[in-house]
Amino acid sequence: MTLGSAITTRSADTRVPILPELAERWSPRSFDPQATISEDQLDALLEAARWAPSASNNQPRRFIVARRGTSAFDTIVSALVGFNAAWAHNASALIVGIAETSSVEGDVRPYAEYDLGQAVAHLSVQAEAEGLVTHQMAGVEWDRIVAAFDLPDNMKPMTITAVGTADEADKLPEALAERETAPRRRLPLEELVLVRS
Ligand SMILES: Cc1cc2nc3c(=O)[nH]c(=O)nc-3n(C[C@H](O)[C@H](O)[C@H](O)COP(=O)(O)O)c2cc1C
């Protein structure tokens, strides 16, 4: 919903109330290009990710964290596909989520990608609680990230999360502004839950 030129809110339409941070979280593309993220906020997001559960507590998730205005940030933007680079350059920070698919000893981590996703989910909910917004992206030329940050074979970058402060939808190019205010859709619970007894 937009009210005049106000920041868009797109609360989830839920059958019963859920935590406000979950109901209010969504993935905007309009980021305030002046807004910054504090060290404490960044710490809170990363702590939320750190304390997510993982298989055997192996914690096979790693992050590259870059604030806007740094060369690492520019490197990450240059690896985004054009559709994402068009808006993500305004984020306060970009966080590359990396799955450690095997340990240094060579032990395979079969749940690394699952564990990374769970950590990023925690991070995104913490961001909402901090008054920040997040938008995850997989539209990335990953070989560029691997080369730029010299990632070894067992470090598989999976997503880049834009973090920042939401801005008005009408600051986006028209096609993106339309998406910014379109209804959010989800499959019905009946389709998600195969068995409920
Ligand atoms: C793994 C993953 C990859 C995604 N890749 C992109 C992307 O490359 N570009 C983009 O604009 N959004 C991307 N998204 C955002 C999704 O489109 C968005 O989360 C989904 O449409 C649901 O919208 P919501 O987060 O506002 O509820 C991605 C999300 C996830 C979890």
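Now for a description of the structure that goes with this document. Everything numeric here is computed off the predicted structure, so don't read it as measured data. (Residues numbered from 1 in each chain as written. Predicted model: local features only at pLDDT ≥ 70, side-chain atom pairs only at ≥ 80, totals over all residues. Heavy atoms only, no water.)

## Quick notes on the overall build of the protein
Piece 1. Scanning the protein from N- to C-terminus turns up 8 helices and 4 strands.
Piece 2. Counting from the amino terminus, helix and strand elements in the protein follow one another as α-α-β-α-α-β-α-β-α-β-α-α.
Piece 3. For 197 residues, the compact-globule formula gives about 16 Å, and the C-alpha radius of gyration of the protein, at 18 Å, lands near that figure.
Piece 4. Its C-alpha atoms put the protein at 55 × 55 × 30 Å along the principal axes.
Piece 5. Expressed as a percentage of the 197 residues in the protein, the buried residues total 39%.
Piece 6. Summarising the internal contacts of the protein: among those between residues at least 6 apart in sequence, 75% fall at separations of at least 24.
Piece 7. Working note: accessible area of the protein is about 11100 Å², and carbon and sulfur atoms make up 53% of it. (Helix = DSSP H or I, 4+ residues; strand = E, 2+ residues; numbered from the N terminus. Rg over C-alpha atoms; globule rule 2.2 N^0.38 Å. Buried < 20%, exposed > 50% of the residue type's maximum accessible area, 1.4 Å probe, protein only. Contact = heavy atoms within 4.5 Å. Areas by Shrake-Rupley, 256 points an atom, 1.4 Å probe, with all protein chains shown as cover.)

## Describing the side chain of H135
Piece 1. When you line up the elements, H135 lands in strand β3 (residues 133-137).
Piece 2. According to the relative accessible area criterion, H135 is buried, its value standing at 9%.
Piece 3. Only 3.0 Å separates the side chain of H135 from the backbone oxygen of S27, close enough to count as a polar contact.
Piece 4. A polar atom in the side chain of H135 sits 2.7 Å from the backbone oxygen of P28.
Piece 5. For H135, the residues in contact, after removing those within four places along its chain, are S27, P28, R29, F31, W87, I160, T161 and A162. (Polar contact = N/O pair within 3.5 Å; in protein donor to acceptor, adjacent residues only side chain to side chain.)

## Points about the sheet that holds strand β1 (residues 61-67)
Piece 1. With respect to topology, 4 strands assemble into an open sheet ordered β1-β2-β4-β3, the strand pairing being antiparallel. Both outer strands of the open sheet, β1 and β3, are each paired with one neighbouring strand and no more. Each strand axis lies, on average, 25 degrees off the axis of its neighbour in the sheet, ignoring direction.
Piece 2. Pairing of strand β2 (residues 93-100) with strand β4 (residues 155-164) involves 8 bridges; the strand directions are antiparallel. What sits directly across from G97, in β4, is T159.
Piece 3. Its contacts with the sheet put helix α2 (residues 39-50) on β1, β2 and β4, and the angle it makes with β1 is roughly 165 degrees.
Piece 4. Helix α5 (residues 112-129) rests against β1, β2, β3 and β4 of the sheet, and its axis sits at about 155 degrees to β2. (Pairing = 2+ DSSP bridges. Axes fitted to C-alpha atoms, helices over the stretch in contact; angles between N-to-C directions.)

## What to know about the nonpolar core
Piece 1. Formed by 26 residues in total, the largest nonpolar core has its most connected members in I76, W87, L94, M137, I145 and I160.
Piece 2. Every element with two or more residues in this core is listed here: β1, α3 (71-79), α4 (82-88), β2, β3, β4 and α7 (174-181).
Piece 3. Broken down by element, this core gets its largest block of residues, 4 residues, from α3.
Piece 4. Once residues within four sequence positions are removed from consideration, W87 is found in contact with P28, R29, F31, H135, M137, A162, L172 and L176.
Piece 5. Grouped together as the second largest cluster of nonpolar side chains are 12 residues, L42, I95, L123 and L132 included. (Core = buried A, V, L, I, M, F, W, Y, C linked by side-chain atoms within 4.5 Å.)

## Points about the pattern of salt bridges
Piece 1. What the rule picks out here adds up to 8 salt bridges.
Piece 2. Of the charged contacts in the structure, one is a salt bridge between R62 and E100, with a shortest N-O distance of 3.5 Å. Taken together, the residues span a long stretch of sequence, with R62 in strand β1 and E100 in strand β2 at a distance of 38 residues.
Piece 3. On the accessibility criterion, R62 (33% relative accessible area) is partly exposed.
Piece 4. According to the relative accessible area criterion, E100 is buried, its value standing at 8%.
Piece 5. One salt bridge in this structure joins R144 and E141, with 3.8 Å as the shortest N-O distance.
Piece 6. Because the salt bridges share partners, they merge into one network encompassing R62, E100 and R109. (Salt bridge = Lys/Arg side-chain N within 4 Å of Asp/Glu carboxyl O.)

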